Amino acid sequence: MFFHIVLERNMQLHPRHFGPNLRDKLVAKLMKDVEGTCSGRHGFVVAITGVDNIGKGLIRDGTGFVTFPVKYQCVVFRPFKGEILEAVVTMVNKMGFFAEAGPVQIFVSNHLIPDDMEFQSGDMPNYTTSDGSVKIQKDSEVRLKIIGTRVDATEIFCIGTIKDDFLGVINDPGAAA
Amino acid sequence: MSVEPFNRLVKLAARAFYDDITMKGDNQPKTGRSDNRGMAVVILDALTRRQWVREEDLAKDLKLHSKQLRRTLRFFEEEKLVTRDHRRETAKGAKIFSAAVAATSDGQQTGKEGEEKQKMHTHSYCCLDYAQIYDVVRYRLHRMKKKLKDELEDRNTVQEYICPDCGRRYNAFDAMRLVSPNDEYFHCENCNAELVAESDKLAAEEMGDGDDNARRRKREKLRDMLQKMEVQLKPLMDQLARVKDLPVPEFGSLQAWEARANAAGRAANGDSGANDSSKSSQGQGYGGTPMPFLGETRVEVALSGVEVKEEDSKPDAASTSMKVLPPWMIKQGMNLTKEQRGEVKQEPKVDHNSTPSGLSDDKKSKVNDKEDEKDIQDAYIQAYYAAFIKRQQEQEAEKKKQQELENASNAPNDISSDRKVGMKSKRQEDERDDDVEWEEAPTTGTSETHKLNDLNVQADASGDDEDDIDWEEG
């Protein structure tokens, strides 16, 4: 799920950026530092949408670096248990398959894949129904439900299932491949 | 506030969950003699017949060693079935409890006052916590069902993996770290062995690594288990549903209960009639002696209670509750009324239909059969009785006819009064004003018959009043 929130961060800026466009440099550095990171509390920071406030800088003794407290708005993505996501399959093996929904890694173990889908090993390992009409392989797009999340300080990992109504492959595997 | 449905719940739960629990000491080897399975059930049953009870007394009543009992009770305390209370008390404190016990059991409890020493002793008391039992049993059933259903549908279960070599366990959250670039299995971080999915938590181990066939078999097994559980625990679930809307019997803490019981006991001694119902409801809850018929005082309560009706509507569920409600109790009551009415010579059918109609929905068909049988017997007795009276009267009538022949001179008098004369003893004659004129005449010839009839004065009198007519015809 996506959220638009306000976060705060202390930015350290090198003295060489001190000049007329100090503020631009600061924002650029903020984006570079923050976007794409993951905090266990807020989830993945997808994008910074604005800077609310930059506080007074404090010059560090010895280094000359200046610390600015920065308040910024950003979009974060945080997966929740029970959430339905659309994801792209990245790897298939006998134990199940891995998929990615944006920055989030999701593992679907083989007992959470419908019983009528069987694992086919080979060059392109995949899960296929007995009539071959549905196939899950690398780069397939699937809709899955998250049944568990592990949230570490810097990482979120999810377990998903496609063993429910309206879940499973949502594109033609041939076209994706 | 009826305890009976809750007691039934406890008994069912005991048999369902604690039947094969054995309380063996840690160091004792398990031999045939020390196998005390079923003891838990016995103790729970005993507790349903009591309120607060001192554990030593309970041990004595059950002829158990107090240590053994305490171990079981501790177990029940952990299971949240029983509340316990410990306190250091002198003989006096113990006496308060004994008095409370005596109050609840109508003084049938054997006094234990003499046994306590003057030293301080720690006494433990225990009592069933019905409210909690209800919740615990419900929760237990819920968990059982949920576990089975989850496994059955493989839903919301985080797959676990185990390393066959070092026994280290992983779950699906670790999957990212476990994939190996070489093959399509997960590998242990320690020893690089292939991990095995631990899918058969409940199903047997030999089914192996969860291939499709094994999975199917596992599911069948689970479904079987679920079904079996539904069937076997049906009585328990029914009882839970029945108990749902009833007020939970609450004994309060030990002190509160003691105070209440003592007060109730005093009140009962003062005017036993006034709070008969409350006393009886307590009395059956607590029994000094574990007699199966202790519940019988509650027959009236059970009759008016709704729960009995519900209980009996289920044929298989009623077994224990029926024991508490002895059918002969009711029949005796009915007999009495019938006998009373039999004297007035009412036809038995009417009152019989009226009384059991209230009961018939309460009772099982079995009891009805019994009642029918009893009906027939009673009817027979009544008919016999009626016939007997009639015959007596006929005999008397014949005698009187003879008298009439003798005393033909009294012909203008009406027959009934004539007969009365024949019947009544001299002592009663003066009470009758209208008979005064002809009194003297019949007495002359029939003095002996009067004396004979003297014994039956009452019965004859009542019989005569009604039998006027057929007697006339004869």
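Looking at an unreviewed UniProt entry, one finds chain B named Transcription initiation factor IIE subunit alpha and attributed to Nelumbo nucifera. Taken verbatim from the UniProt record of chain B, the Sequence similarities (unreviewed entry) comment is "Belongs to the TFIIE alpha subunit family."

Chain A carries the name DNA-directed RNA polymerase subunit in an unreviewed UniProt entry, which gives Nelumbo nucifera as its organism. Listed in UniProt under the heading Subcellular location (unreviewed entry), the comment for chain A reads: "Nucleus". Under the heading Function (unreviewed entry), UniProt records this for chain A: "DNA-dependent RNA polymerase which catalyzes the transcription of DNA into RNA using the four ribonucleoside triphosphates as substrates."

Trainee: Residue-level account of the nonpolar core, with values.
Mentor: Residues Ile43, Leu47, Phe76, Leu236 and Trp257 of chain B are the most contacted members of the largest nonpolar core, which totals 55 residues. If you tally residues by element for this core, the top one is helix α6 (residues 130-153) of chain B, at eight residues. Each residue touching Leu236 of chain B, except ones within four places of it in the same chain, is listed here: Leu9, Leu12, Ala13, Ala16, Phe17, Val137 and Leu141 of chain B. In this structure, Phe44, Val89, Met117 and Cys158 of chain A belong to the second largest nonpolar core, which totals 44 residues.

Trainee: Quick one: what's the story with the interface of chain A and chain B, residue by residue and with numbers?
Mentor: One widely used convention gives an interface's size as the accessible area the parts lose upon coming together. With 24 residues of chain A at the interface, the matching set in chain B holds 23 residues. Carbon and sulfur atoms make up 58% of the area that chain A and chain B hide from each other, which totals about 2,100 Å². The largest per-residue losses of area from chain A upon contact with chain B belong to Met95, His111 and Arg150 of chain A, which jointly make up 28% of the total buried on that side. A salt bridge links Arg150 of chain A to Asp174 of chain B, with the shortest nitrogen-to-oxygen separation between them at 2.8 Å. Where chain A meets chain B, there are one residue pair in polar contact (both at pLDDT 80 or more). Mapped onto the side of chain A that touches chain B, the elements with two or more residues apiece are β6 (84-93), β8 (104-109), β9 (117-120), β12 (141-151) and β13 (156-161) of chain A. Counting residues per element, the side of chain A that touches chain B draws most heavily on β12 of chain A, which supplies four residues. Across the side of chain A that touches chain B, the residue classes break down as ten nonpolar, eight polar and six charged.

Trainee: Give me the lowdown on the packing of aromatic side chains, citing residues and values where you can.
Mentor: How two aromatic rings sit relative to each other is given by the distance of their centres and the angle of their planes. Residue and element names in this part refer to chain B. Inspection of every chain in the model, using the stated rule, returns twelve aromatic pairs over all chains. Relative to Phe75, the ring of Tyr18 has its centre 5.9 Å away and its plane inclined at 80°; by these criteria the two rings are edge-to-face. Taken together, the residues span a long stretch of sequence, with Tyr18 in the loop between α1 (4-17) and α2 (39-48) and Phe75 in helix α4 (residues 66-78) at a distance of 57 residues. Phe75 carries the same exposure label as Tyr18, and that label is buried. Seen in terms of ring centroids, Phe75 and Phe76 are 5.6 Å apart; in terms of plane orientation they differ by 50°. Their pairing is tilted. Note on Phe75: relative accessible area 18%, which makes it buried.

Trainee: Go over helix α1 (residues 22-34) of chain A with me, naming the residues and quoting the values.
Mentor: With 13 residues, α1 of chain A should reach 18 Å at 1.5 Å per residue; the first-to-last C-alpha distance of 18 Å fits that figure. In this fold, the buried residues of α1 of chain A make contact with β1 (2-13), β3 (43-54) and β5 (66-77) of chain A.

Trainee: An account of the sheet that holds strand β1 (residues 53-54) of chain B is needed here, citing residue identities and associated values.
Mentor: Residue and element names in this part refer to chain B. Reading across the sheet, the three strands line up as β1-β3-β2 and stay open at both edges, with antiparallel pairing between neighbours. In the strand order of this sheet, the two ends are held by β1 and β2 (82-89), each with one partner. Bridging between β2 and strand β3 (residues 121-128) involves eight bridges; their strand directions are antiparallel. Pairing of Arg88 across the sheet is with Thr122, part of β3. Of the strands in this sheet, β1, β2 and β3 touch α2, which is tilted by about 85° from β3.

The rules behind these values
Residues numbered from 1 in each chain as written. Chains lettered and ligands numbered in written order. Predicted model: local features only at pLDDT ≥ 70, side-chain atom pairs only at ≥ 80, totals over all residues. Heavy atoms only, no water. UniProt positions renumbered as here; feature names shortened; annotations may be inferred. Core = buried A, V, L, I, M, F, W, Y, C linked by side-chain atoms within 4.5 Å. Buried < 20%, exposed > 50% of the residue type's maximum accessible area, 1.4 Å probe, protein only. Helix = DSSP H or I, 4+ residues; strand = E, 2+ residues; numbered from the N terminus. Contact = heavy atoms within 4.5 Å. Buried area = accessible area lost by both parts, 1.4 Å probe. Salt bridge = Lys/Arg side-chain N within 4 Å of Asp/Glu carboxyl O. Polar contact = N/O pair within 3.5 Å; in protein donor to acceptor, adjacent residues only side chain to side chain. Nonpolar A, V, L, I, M, F, W, Y, C, P; charged D, E, K, R; others polar. Phe/Tyr/Trp six-rings, centres within 6.5 Å; stacked < 30°, edge-to-face > 60°. Expected span 1.5 Å × (residues − 1). Pairing = 2+ DSSP bridges. Axes fitted to C-alpha atoms, helices over the stretch in contact; angles between N-to-C directions.

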